Amino acid sequence: MGILIKNGEIITASDRYVGDIYCANGKIQATGPGLDKPSAQDTVIDASGQLVLPGGVDAHVHMELPFMGSESADDFETGTAAGIAGGTTSIIDFVIPARNQSLLEGLAIGNEKAKKAVCDYGFHMAITWFGDRIPEEMRACVEEEGIPSFKTFMAYKGAIGIDDGELISVMQTARGLGALVTIHCEHGEAVVALQKLLVAQGKTAPKYHAQSRPSPVEGEATGRAAMLAGLTGAPIYIVHLTCREALDAVAEARRRGQMVMAETCPQYLLLDDTVYDKPDFEGAAYVMSPPIRPKGHQDALWAGIASGLIQTVGTDHCPFNQDGQKTIGKDNFTKIPNGAAGIENRLGLLYTYGVVENRIDIHRFVDIFATQPAKIFGLYPRKGSILPGADADLVVFDPHASSTISAKTHHHRCDRNIFEGFAIKGRPSHVIVNGRVQCKDGTLDVERGAGRFLPRRLSTPSPTAVKG
Ligand code: URP
Ligand code: ZN
Ligand code: ZN
């Protein structure tokens, strides 16, 4: 049974036209004006007055991640369901092996957990240590497992963070494999030193989390990562970029001719550090790394998106409940599990505060939400497009609807929403995933385990070594 979407305003990263889309067997079969349903059993969705967008691709999420003595609260089923409710139809999560653990052993655990996913998913492989067998395991990830992107952490010293020597080795190996290195950029040792200083002064409340990782800590690490990428010739992708200093480092690397890409997240575009002043430990809900920045950085990030310095907006969805999880750090901010929920809200926030408020145009919005993450991470045109042959992942979006974000109504398995009270314009009337309507007017109809692993392959990026 197919689905015919009639008379919608089809919006892609480059085009806008009123037309129809016919989907069958999980794929887009045809687009154009005046399509008829080939079979009497086909469903027709009247999309007059609505937009039709490619399903979102969130390339930065953490479902059921063991982290800082806890585990992120959404599993692959609940987290991907929340994504579908918000128009995100594919995710890329992370396998994060422990230090000295085999990458492939870590992948086996990730594969098992992800079997519950209700939408399609891929993995980035985190490199949390570098030893003799890592190059061969990285090769196996790229060539045999469909994982051509690696994740490294310059922060989280003593846990999953690596040092510069290890980072260089990862970049060199990845470059040889035509793979992409993604990087969490913060000066890990500076963070530890500042944490120690603050705690010794009795400054243990959530707001000191932000003071322990100010923006120069991120700016310096971003510049260093770009410099190392220049030495090794590796293309890199900076995850969750939050501040002017880091943006300047990306711009400088681009001026040198390097392939340095960047992602930001809605929380860094829309919140400022006054969230940490909330009473009664409520600031803990916003404890994430890097932290929410002072006023001023947000406008720079929007400008970075509009100008193309930032290519994608992911969520870094990594929810921890206030009750029983964030409270681990009640007496010491360094123990608060870092992260927050967001996968369900990315579409509404970017549309409302980006498009409706004229910060970005509608094509740039589709680009950062779906098309660029699919292109950068080797999923395009299967995902992130509205083209015959692509997976039938589509959002029929009613731009006239309005709502307010709340933890009381969201689908995240989390007792807080960091965007609580944000007004939202528009909402998906239908979310079609692999050719089936899986969310209609906010009501989910998903199937545990229906999500498929997405093996990925990158087009080999051109070398970007510093010449001289
Ligand atoms: O605070 C965060 N961002 N938690 C998730 C892990 C990471 O650094 O992305
Ligand atoms: Zn991170
Ligand atoms: Zn993350």
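Notes on the structure in this doc start here.

Quick notes on the rules
- Per chain, residues are indexed from 1 in the order of the written sequence.
- Note on labels: chains are lettered from A, ligands numbered from 1, in written order.
- Side-chain atom pairs in this predicted model are given and counted only at pLDDT of 80 or more, local residue features only at pLDDT of at least 70, and totals for whole chains, interfaces and linings cover all residues.
- As a convention, hydrogens and water are excluded, and side-chain values are obtained from all of the structure's heavy atoms.
- Space inside and on the surface of the protein is sampled on a 1 Å grid over the protein atoms alone, with a cavity defined as a set of points where a 1.4 Å probe fits but cannot get out and a pocket as an open set with protein on both sides within 12 Å along at least 5 of 7 lines; lining residues have an atom within 4 Å of a point.
- Grid points are joined across faces, edges and corners, and a volume is the space filled by probe spheres set on the points.
- Secondary structure elements follow DSSP: runs of H or I of four or more residues count as helices, runs of E of two or more count as strands, with numbering from the N terminus.
- Gly is placed with the polar residues, together with every amino acid not listed as nonpolar (Ala, Val, Leu, Ile, Met, Phe, Trp, Tyr, Cys and Pro) or charged (Asp, Glu, Lys and Arg).
- Only nitrogen, oxygen and sulfur atoms qualify as donors, and only when within 2.8 Å of the metal (3.2 Å in the case of Na, K and Ca); with water excluded, sites may look incomplete.
- Between 85 and 135 degrees for all angles marks four donors as tetrahedral; over 155 degrees for opposite donors together with 65 to 115 for all other angles marks four donors as square planar and six as octahedral; every other arrangement is irregular.
- Relative accessibility thresholds used throughout: buried, under 20% of the residue-type maximum; exposed, over 50%; partly exposed, between the two (1.4 Å probe, protein chains only).
- When at least one non-hydrogen atom of a residue lies within 4 Å of a molecule or strand, that residue is treated as near it.
- Within 3.5 Å is the distance limit for a polar contact, defined as a pair of N or O atoms, with the added protein rule that one can donate a hydrogen and the other accept it, and that residues adjacent in sequence qualify only through two side-chain atoms.
- Surface exposure here means Shrake-Rupley accessible area, sampled with a 1.4 Å probe, where a residue is shielded only by the protein chains that are shown.
- Whether a molecule sits in a cavity or pocket is decided by its atoms, more than half of which must lie within 2 Å of the grid points.
- Note on pairing: two strands pair once DSSP finds at least 2 bridges between them.
- Contacts were defined at the residue level, with two residues in contact if any of their heavy atoms lie within 4.5 Å.

### Structural notes on the layout of surface pockets
Here is step 1: Of the volumes computed, that of the largest pocket is approximately 460 Å³.
Here is step 2: Lining the largest pocket we find 21 residues, and of these Ala 85, Glu 344, Asn 345, Ser 403 and Arg 427 sit closest to its centre.
Here is step 3: Sorting the residues of the lining of the largest pocket by element identifies α11 (346-356), β16 (394-404) and β17 (423-433) as the ones contributing at least two each.
Here is step 4: A per-class count over the lining of the largest pocket returns seven nonpolar, twelve polar and two charged.

### Notes on the coordination of the zinc ion (ligand 2)
Six octahedral donors around a metal ideally sit at 90 or 180 degrees from one another, while four tetrahedral donors ideally sit at 109.5 degrees.
Here is step 1: Within the protein, the atoms that donate to the zinc ion (ligand 2) are His 184 (ND1) and His 240 (NE2), at distances of 2.1 Å.
Here is step 2: Its four donor atoms give the zinc ion (ligand 2) angles of 57 to 152° at the centre, a pattern that matches the irregular case.
Here is step 3: Accessibility expressed as a relative area gives 1% for His 184, which makes it buried.
Here is step 4: His 240 sits in the buried class, given a relative accessible area of 3%.

### Some points on the site of ligand 1
Here is step 1: Around ligand 1 sit His 60, His 62, Phe 67, Tyr 156, His 184, His 240, Met 288, Ser 289, Asp 316, Cys 318, Asn 338 and Gly 339, and those are all the residues in its vicinity.
Here is step 2: Here an oxygen atom of ligand 1 sits 3.1 Å away from a polar atom, N or O, in the side chain of His 184.
Here is step 3: Measuring from an oxygen atom of ligand 1, one finds a backbone N or O atom of Gly 339 at 3.5 Å.
Here is step 4: Out of a free accessible area of 260 Å², ligand 1 has 99% covered by protein chains.
Here is step 5: More than half of the atoms belonging to ligand 1 lie within 2 Å of the grid points that define the largest cavity.
Here is step 6: The class makeup of the residues in the shell around ligand 1 is four nonpolar, seven polar and one charged.

### Section: the coordination of the zinc ion (ligand 3)
Here is step 1: For the zinc ion (ligand 3), the protein coordination sphere consists of His 60 (NE2), His 62 (NE2) and Asp 316 (OD), at 2.0 to 2.1 Å.
Here is step 2: Sequence spacing of the donors to the zinc ion (ligand 3): H-x1-H-x253-D.
Here is step 3: Here the zinc ion (ligand 3) and the zinc ion (ligand 2) are spaced 3.8 Å apart. Here the residue His 62 occupies a position in the loop between β6 (56-58) and β7 (66-67), and Asp 316 occupies one in the loop between β15 (312-313) and α11, the gap between them amounting to 254 residues.
Here is step 4: The exposure class assigned to Asp 316 is buried, which follows from its relative accessible area of 10%.

### Remarks on the pairing of β16
Here is step 1: Where strand β5 (residues 51-54) meets β16, four bridges bridge the pair, whose relative direction is antiparallel. Along β16, the bridge assignment pairs Val 52 with Val 396.

### Quick look at the environment of Gly 26
Here is step 1: Among the secondary structure elements, Gly 26 is positioned in the loop between β2 (16-24) and β3 (27-32).
Here is step 2: Its relative accessible area of 16% is what places Gly 26 among the buried residues.
Here is step 3: Residues Gly 26 and Arg 436, spaced 410 residues apart in sequence, show a C-alpha to C-alpha distance of 7.3 Å.
Here is step 4: The residues touching Gly 26, leaving out its near neighbours within four places in the chain, are Ala 390, Asp 391, Ala 392, Asn 434 and Gly 435.

### Here's the deal with helix α10 (residues 297-307)
Here is step 1: The complete set of buried residues in α10 reads His 297, Gln 298, Ala 300, Leu 301, Trp 302, Gly 304 and Ile 305.
Here is step 2: Where α10 terminates, the next one or two residues include Gly 308, which has phi positive at roughly 95°.

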